[in-house]
Amino acid sequence: MTDPVFFAPSRRYTAGEVANLTGAQLVDSGQSLISIEALAPANEGGQDALVFVDGKRNFALMQSLKAAAVLCPAEFAGKAPAGIAVLVHPRPQQAFALVGRLLFPQAATPGPMTGETGISPHAHIDPSAHVETGAIVEAGAVIGPRVSVGGGTVIAPHAVIGHSCQIGRDGYIGPGTSVQYALIGNRVIIHGGARIGQDGFGFVGGAKGPERVPQIGRVIIQDDVEIGSNTTVDRGAMSDTIIGQGTKIDNLVQIAHNVRIGRNCIIAGLSGISGSVVVGDNVTMGGGVGLADHLTIGTGAKLAARSGFMSNVPAGEIWGGYPAQPMAEAMREIAMLRKLARTRKQGDGNG
């Protein structure tokens, strides 16, 4: 059995074309016609592959490269083996990603899983729904009453779109995803198994135990957002849950009711954001971050992985630990604990 080729290059690119597209400087103009039709990590490479090398710890990879071309910073340029086209760029990884999107466009944006075009005869679409020309609705998908789906958007198999939801153009709703009580912008990607718009975790103590508080808000997802597989975004209780333009959310993230996330944030997998948290623009959260309810995370803050937050984080600061605190303080505490442990161990040994 031969291995299937899931991602074929759109076409060949020359080193000269890559330089023009990315703004990189081709060190030897005589190598402008070197052909590129693959991407690879620098430690593997390949005859027709483009690789990138960045960061001091990867400098040693330059001398053993086996590739058609390499994107690297200027200080690395003289270390590449002969015959490899050297493309100097201040941000090699960013340039590499741009080339990747051009070389493998089908990997950059999800497409139909079944290869269908238009509306599948095996999808269920309510007569009152409006699906624009150019949208794709695959087999098994369910689109409820008064739903609006923009042109160029793909609704994958067995996705369910609840009544009155609006989904913009050129987006993707993955297989098995459910969307309800939601307004979704253009170019939004929601991967398989995500749950958007279910009721938030709202209960109040009653005579017979916890009693439900009705959740009557919505979810608003702005343009160019990406949401990973099996992530959940609860609708608001009274106000809306909002995810700002350009924000990227990993797999298995919990976003509770009334949360407001700013623009261009990065939220890594297994993070949990409790109700009514406000997150500013350009915030980065490492994997497994936990936020208590009603916190405010300032614009540009960076939250270290596996940290637990009980306090607000000022704009631009780096925090970590459990409970989280400014990173410099957290590192001092860790250093002191290690020193104390070594002192205790030495004392026990002398005894």
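It should be emphasised that the depicted structure is a prediction, and the values quoted were computed from it without experimental measurement.

Describe the overall build of the protein, with residues and values.
The helix and strand inventory of the protein stands at 4 helices and 39 strands. For the protein, the C-alpha atoms occupy an extent of roughly 75 × 75 × 40 Å along the three principal directions. Within the protein, contacts between residues at least 6 apart in sequence are counted, and of these 20% link residues at least 24 apart. Accessible area for the protein stands at about 18200 Å²; split by element, carbon and sulfur atoms hold 55% of it. Taken together, the 27 basic and 27 acidic charged side chains of the protein have centroids lying 8 Å from each other.

Provide a residue-level description of the nonpolar core, including the pertinent values.
In this structure, Ile 155, Ile 196 and Ile 221 are the most contacted members of the largest nonpolar core, which totals 51 residues. When contributions to this core are tallied by element, the ones reaching two or more residues are strand E18 (182–184) and strand E23 (219–221). Sequence-distant contacts of Ile 155, that is, excluding residues within four places in its chain, are made with Ile 136, Val 137, Glu 138, Ala 141, Ile 143, Val 149, Ile 161, Ile 167 and Ile 173. With 18 residues, the next largest nonpolar core counts Val 18, Ala 19, Phe 96 and Val 99 among its residues.

Break down the sheet that holds strand E17 (residues 178–179) for me, with residues and values.
Paired through backbone hydrogen bonds, the strands of a sheet run either parallel or antiparallel to each other. Spatially, E8-E11-E14-E17-E20-E25-E28-E31-E34-E37 is the arrangement adopted by the 10 strands of the open sheet, whose pairing is parallel. Bordering the open sheet on either side are strand E8 (124–125) and strand E37 (308–309), each of which pairs with just one other strand. Here 2 bridges tie E8 to strand E11 (residues 142–143), and the two strands are oriented parallel to one another. Note on E11: the bridge partner recorded for His 124 is Val 142.

Just give me the short version of the packing of helix H1 (residues 15–22) against helix H2 (residues 92–103), but keep the residues and values in it.
Where H1 contacts H2, the two axes come as close as 10 Å, and the packing angle between them is 115 degrees. In terms of orientation, H1 and H2 fall into the roughly perpendicular class. The interaxial crossing formed by H1 with H2 has right-handed handedness. Within the contact between the two elements, H1 uses Val 18, Leu 21 and Thr 22 and H2 uses Ala 95, Leu 98, Val 99 and Leu 102. A breakdown of the residues in the contact of H1 with H2 according to their chemical character gives 6 nonpolar, 1 polar and no charged.

Residues and numbers for the sheet that holds strand E2 (residues 25–26), please.
The 5 strands are arranged E2-E7-E6-E5-E4 in an open sheet whose pairing can be described as mixed. Looking along the sheet, the strands with just one partner apiece sit at the ends: E2 and strand E4 (38–39). Where H1 meets the sheet, its contacts fall on E2 and strand E7 (85–88), and the angle it forms with E7 comes to roughly 5 degrees.

Before we move on, can you summarise unusual backbone geometry with the specific residues and values?
Residues Tyr 322 and Pro 323 are joined by a peptide bond in cis, for which omega reads -5 degrees. With respect to the helices and strands, Pro 323 occurs in the loop between strand E38 (318–321) and strand E39 (324–326). Although it is not a glycine, Arg 187 adopts a positive phi angle of roughly 60 degrees. The residue Arg 187 is located in the loop between E18 and strand E19 (189–190) in this model. Looking at Arg 187, the relative accessible area reads 39%, which means it is partly exposed.

How would you summarise H2 if you had to cite specific residues and measurements?
In this model, H2 (12 residues) spans 16 Å end to end at C-alpha, consistent with the 16 Å of a helix rising 1.5 Å per residue. Residues of H2 that are buried: Pro 92, Ala 95, Phe 96, Val 99, Gly 100 and Leu 103. All buried residues of H2 fall inside an arc of 145 degrees around its axis, so they share one side.

A description of the pairing of E7 should follow, citing residues and the corresponding values.
Alternating positions in E7 separate into two faces, Ala 85 and Leu 87 on one and Val 86 and Val 88 on the other, with burial throughout. With 2 bridges connecting them, E2 and E7 associate as antiparallel partners. Paired with Gln 25 across the strands is Val 88, a residue of E7.

Conventions adopted
- Residues numbered from 1 in each chain as written.
- Predicted model: local features only at pLDDT ≥ 70, side-chain atom pairs only at ≥ 80, totals over all residues.
- Heavy atoms only, no water.
- Helix = DSSP H or I, 4+ residues; strand = E, 2+ residues; numbered from the N terminus.
- Contact = heavy atoms within 4.5 Å.
- Areas by Shrake-Rupley, 256 points an atom, 1.4 Å probe, with all protein chains shown as cover.
- Lys, Arg positive; Asp, Glu negative; His and termini not counted.
- Charge placed at Lys NZ, Arg CZ, Asp CG, Glu CD.
- Core = buried A, V, L, I, M, F, W, Y, C linked by side-chain atoms within 4.5 Å.
- Buried < 20%, exposed > 50% of the residue type's maximum accessible area, 1.4 Å probe, protein only.
- Pairing = 2+ DSSP bridges.
- Axes fitted to C-alpha atoms, helices over the stretch in contact; angles between N-to-C directions.
- Parallel < 35°, antiparallel > 145°, perpendicular 65-115°, else oblique.
- Left-handed = near helix turned anticlockwise from the far one by under 90°.
- Nonpolar A, V, L, I, M, F, W, Y, C, P; charged D, E, K, R; others polar.
- Expected span 1.5 Å × (residues − 1).
- Arc of directions from axis to C-beta.

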